[in-house]
Amino acid sequence: MGDIDINIGIDVDAVAGWLGSYGGEDSRADLSRGLSAGSEGIPRMLQVFESEGIDTSWFVPGHTLETFREEIQAVADAGHELGIHGYSHENPTDLSREQEATIIEASIDLIEDVTGSRPVGHRASWWEFSEHTADLLAEFDFEYDSSLMEGEFEPRQVRAGDSWEKIDYEQAPESWMEPYEYGEELDVVEIPISWYRDDIPPMLFIKHPYYNMGYASPAMIHEELYRAQFDYLYDRRGAGVYTLTIHPDVHGKPHMIPHLESFIQYVKGHDGVAFRTLADIAETYREDPSVYEPEGEYV
């Protein structure tokens, strides 16, 4: 069996998520949910990770860091990795290049002020890349990004300049009948994430802009999605990186804590598996990409 590394990535959206993504920027009630995520959810989750003795990666919007400085400082002091995640959880595709660069630069400075060192990891808000994001990752010397989903369990290089033809029904079909074109690989590692290993879509109640009930069974999410994907990786693929993305807005709630603890303990019950930060995983991949290649016929 090759390397199987598990990363729990905490996207600390809190108030920023409601400002930039969830349609709650005009709702004092929704913003109060973000305040709870920051002041209550962060410490609860941190306590779980400390009790279980595992390393994690926290992707922190600048707004979250400045609003909950004490809580984020505690995360850093406990030895967990901090990476950047926008400022107010803005959609990068709505930003100019100058706006996106300004947010990245400010976010780097904010985290460096907390940790004393420059962050090496980037996770895009909304999990969206603008046409400028890849080039900015290289320009700001990030070691890795974790925002895209081209692979399920295997890192690769970030590319700049991918191109594709969108359908224009006003034009002849020949105008869009072209294959996807791959761009140039950059010296930035891409560590894949997955919407099927993210807690927001099934578990967060959102009123706007699109109604999301957010009342899926925690047991179903953990056992039928999170565990099932881990089992596939462990039993069939035999090597790779498993990224789980969770939020204090969801997994910081009291009813989710036991399920998080149970998942961690389940994974710990398997030989040859380690919980690691994405910074460490990116370094391992740079040294030897083959360690995460599948051992058997399953990809």
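Scroll up to find the structure this text is about.
As a convention, each chain's residues are numbered from 1 in the sequence order in which they are written. Selection of residues for local features in this predicted model requires a pLDDT of at least 70, selection of side-chain atom pairs for listing and counting requires 80 or more, and totals for whole chains, interfaces and linings are taken over all residues. Where side-chain values are given, they derive from all heavy atoms of the structure, hydrogens and water being excluded.

Re the environment of Ala101
Reasoning step 1: With respect to the element layout, Ala101 can be found in helix H5 (residues 97-115).
Reasoning step 2: In this structure, the C-alpha to C-alpha distance between Ala101 and Glu165, residues 64 residues apart in sequence, is 27 Å. Helical segments are the DSSP runs of H or I of at least four residues, strand segments are the runs of E of at least two, and each set is numbered from the N terminus.

A short note on a negative patch on the surface
Reasoning step 1: What makes a patch is a set of residues exposed beyond 30% relative accessible area and free of salt bridges, joined within 9 Å when like-charged and within 5 Å when nonpolar (Val, Leu, Ile, Met, Phe, Trp, Tyr). In these tables, accessible area is a Shrake-Rupley quantity obtained with a 1.4 Å probe, and a residue counts as shielded only by the protein chains included in the view. The term salt bridge refers to a pairing of a side-chain nitrogen on Lys or Arg with a carboxyl oxygen on Asp or Glu at a separation within 4 Å. Only four residue types enter the tally: Lys and Arg on the positive side, Asp and Glu on the negative side, with His and both chain ends excluded. Here the site of a charge means NZ on Lys, CZ on Arg, CG on Asp, or CD on Glu. On the surface, a cluster of negative charge is made up of Asp3, Glu50, Asp55, Asp280, Glu283, Glu287, Asp288, Glu293 and Glu295.
Reasoning step 2: Residue contributions to the negative patch peak at 3 residues, all from helix H10 (residues 278-287).
Reasoning step 3: Of note, Glu287 is situated in helix H10.
Reasoning step 4: Three exposure classes are used, based on accessible area relative to the maximum for each residue type with a 1.4 Å probe and protein chains only: buried under 20%, partly exposed in between, and exposed over 50%. Its relative accessible area of 61% is what places Glu287 among the exposed residues.

Overview of the layout of surface pockets
Reasoning step 1: For the largest pocket, the calculated volume is near 600 Å³.
Reasoning step 2: A 1.4 Å probe that fits but cannot get out identifies a cavity on a 1 Å grid over protein atoms alone, an open set with protein on both sides within 12 Å along at least five of seven lines counts as a pocket, and a residue lines either if it has an atom within 4 Å of a point. If you go around the largest pocket, you meet 22 residues; those closest to its centre are Phe129, Leu148, Asp162, Trp164 and Tyr180.
Reasoning step 3: At the level of elements, helix H6 (133-139) and strand S6 (156-160) are the ones that each hand at least two residues to the lining of the largest pocket.
Reasoning step 4: Counting residues per element, the lining of the largest pocket draws most heavily on S6, which supplies 5 residues. Grid points are joined across faces, edges and corners, and a volume is the space filled by probe spheres set on the points.

Comments concerning empty space enclosed by the protein
Reasoning step 1: Scanning the model with the defined rule gives 2 cavities of 30 Å³ or more in all.
Reasoning step 2: Approximately 110 Å³ is the volume found for the largest cavity.
Reasoning step 3: Along the walls of the largest cavity sit 13 residues, with Gly86, Pro92, Glu100, Ile103 and His122 positioned nearest its centre.
Reasoning step 4: Per-class residue counts for the lining of the largest cavity are 6 nonpolar, 4 polar and 3 charged.
Reasoning step 5: Considering only enclosed or pocket space, the second largest cavity measures out at about 30 Å³ in volume.
Reasoning step 6: Along the walls of the second largest cavity sit Ser36, Ala37, Glu40, Gly41, Arg44, Pro248, Gly252 and Lys253, which together make up its complete lining.
Reasoning step 7: In the scheme used here, Gly and all other residues not listed as nonpolar or charged are polar, with Ala, Val, Leu, Ile, Met, Phe, Trp, Tyr, Cys and Pro taken as nonpolar and Asp, Glu, Lys and Arg as charged. Taken together, the residues that form the lining of the second largest cavity break down as 2 nonpolar, 3 polar and 3 charged.

Re the environment of Ile246
Reasoning step 1: If you trace the backbone, Ile246 turns up in strand S8 (residues 240-246).
Reasoning step 2: Between the alpha carbons of Ile246 and Val12 there is a distance of 8.5 Å; along the sequence they are 234 residues apart.
Reasoning step 3: We call two residues in contact when some of their heavy atoms are within 4.5 Å. Beyond its immediate sequence surroundings of up to four residues, Ile246 is in contact with Ile8, Gly9, Ile10, Asp11, Met45, Phe49, Asp199, His251 and Leu260.

Focus: the pattern of salt bridges
Reasoning step 1: This model, assessed by the stated rule, comprises 15 salt bridges.
Reasoning step 2: Put simply, Glu139 and Arg97 hold a salt bridge, and the shortest N to O gap is 2.9 Å. Residue Glu139 is found in helix H6, and its partner Arg97 is found in helix H5; the two are separated by 42 residues along the sequence.
Reasoning step 3: Relative accessible area serves as the criterion here: at 36%, Arg97 is assigned to the partly exposed category.
Reasoning step 4: A salt bridge links Glu143 to Arg286, with the nearest nitrogen and oxygen atoms 3.0 Å apart. Taken together, the positions of Glu143 in the loop between H6 and strand S5 (144-145) and Arg286 in helix H10 put the pair 143 residues apart, joining distant regions of the chain.
Reasoning step 5: Classification of Glu143 as partly exposed rests on a relative accessible area of 35%.
Reasoning step 6: Since its relative accessible area comes to 32%, Arg286 is described here as partly exposed.
Reasoning step 7: Here the salt bridges share partners, and the residues they tie into one network are Glu150, Arg156, Arg159 and Asp162.

Limitation: the analysis is restricted to geometry and does not speak to function.
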